Amino acid sequence: MSIWWSLHLRREAASVPLARRLLLGAMETAGVDPDISFDLSVALSEACANAVEHGGFGAPGSAADGYRVTAYLDGEKCRIEVADGGPGFPDCAHLTGAGPAAESGRGLCLIEQLADHVHLRNRPGRGAVVSFDKVLKWRDGALLGAV
């Protein structure tokens, strides 16, 4: 058995903890190990914060100025995708470039440290996509892991 969900969120700071709580709740209900759940929730928070800060052309809070979060949980892994409608990543964007004293760019590095695989993709004229996944560990008696 597997589950997935997708949210369309406004580009507002309050959307970040909402997405994080939904992911944590789904993983707790499914029986995912709490350490794995925590890592993925922090990575999701970073990706959402980037979408809120950089991901839109319209006025903040407008219907056209949102982003999408999609999460897939199955017996082996969780895959999360955050897609926004902003200008995309600059040509110099890469995961390991921000130092500890940098004012920005550390979120992508943190996502790389917390996830098993990270993929950044530009969609010319339509924004950027950050996707990442992590192999899941399950608690004893987990709803999804036992199947």
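- The name given to the chain in an unreviewed UniProt entry is ATP-binding protein, and the organism recorded there is Streptomyces marianii.

Here's the deal with the pairing of strand β4 (residues 117-123)
Taken residue by residue, a regular strand's side chains alternate between the two faces of the sheet.
Link 1 in the chain: As paired strands, β4 and strand β5 (residues 127-135) are joined by seven bridges and run antiparallel to one another. When the sheet's bridge partners are listed, H117 is paired in β5 with D133.
Link 2 in the chain: The turn joining β4 and β5, which pair antiparallel and follow one another in sequence, is formed by three residues; a positive phi near 75° is taken by G125.

Focus: helix α3 (residues 106-114)
Link 1 in the chain: Here α3 has its buried residues at G107, L108, C109, I111 and L114.
Link 2 in the chain: In this structure, the buried residues of α3 make contact with α2 (34-54), β4 and β5.

Considerations on the environment of D116
Link 1 in the chain: Tracing the chain through its elements places D116 in the loop between α3 and β4.
Link 2 in the chain: By relative accessible area, D116 is classed as partly exposed at 39%.
Link 3 in the chain: Discounting chain neighbours no more than four positions away, the residues touching D116 are D133, K134 and V135.
Link 4 in the chain: Of the polar contacts made by the side chain of D116, one reaches the backbone nitrogen of V135; its length is 2.6 Å.

Structural notes on helix α1 (residues 15-30)
Link 1 in the chain: Given a rise of 1.5 Å per residue, 16 residues ought to cover 22 Å, and the 23 Å separating the end C-alpha atoms of α1 matches this to within 8%.
Link 2 in the chain: By the burial criterion, the buried members of α1 are S15, V16, A19, L23, A26, M27 and A30. The buried residues of α1 occupy an angular sector of 115° when the element is viewed end-on, so they sit on one face. α1 presents R21, E28 and T29 as exposed residues on the side facing more than 90 degrees away from its buried surface.
Link 3 in the chain: Buried positions along α1 lie against β1 (3-10), α2, β2 (66-73) and β3 (77-84).
Link 4 in the chain: Looking one or two residues beyond α1, the residue adopting positive phi is G31, at roughly 100°.

Here's the deal with the pairing of β5
Link 1 in the chain: For β5, the tally of buried residues reaches eight of nine residues, placing the bulk of the element in the interior.
Link 2 in the chain: Relative to β5, β3 runs antiparallel, the two sharing seven bridges. Along β5, the bridge assignment pairs R79 with D133.

With respect to the pattern of salt bridges
Link 1 in the chain: The full count for this structure, using the stated rule, is three salt bridges.
Link 2 in the chain: When the shortest N-O distance is used, the salt bridge between D39 and K134 registers 3.6 Å. Pair noted here: D39 is in helix α2 and K134 is in strand β5, with a separation of 95 residues, a long-range link.
Link 3 in the chain: Residue classification places K134 among the buried positions, given a relative accessible area of 10%.

Conventions we followed
Numbers given for residues are sequential positions, taken from 1 along each chain in its written order. With the structure being a predicted model, the display of local features is reserved for residues of pLDDT at least 70 and the display and counting of side-chain atom pairs for 80 or more, all residues being used for whole-chain, interface and lining totals. The basis for the side-chain values is all heavy atoms of the structure; hydrogens and waters are excluded. Any two strands are treated as partners once DSSP identifies two or more bridges connecting them. For the purposes of this entry, the term helix denotes a DSSP run of H or I that reaches at least four residues, the term strand denotes a run of E that reaches at least two, and both are numbered from the N terminus. Remark: exposure states derive from per-residue accessible area (1.4 Å probe, protein chains only) relative to the maximum for the residue type, with buried under 20%, exposed over 50%, and partly exposed in between. In this analysis, two residues are considered to be in contact whenever any of their non-hydrogen atoms come within 4.5 Å of each other. Any N or O atom pair separated by 3.5 Å or less is treated as a polar contact, with the protein-specific requirement of one donor-capable and one acceptor-capable atom, and with residues adjacent in sequence counted only for side-chain atom pairs. A helix is expected to span 1.5 Å multiplied by its residue count minus one. By construction, the arc corresponds to the directions joining the helix axis to the C-beta atoms. Any carboxyl oxygen of Asp or Glu within 4 Å of a side-chain nitrogen of Lys or Arg constitutes a salt bridge here.

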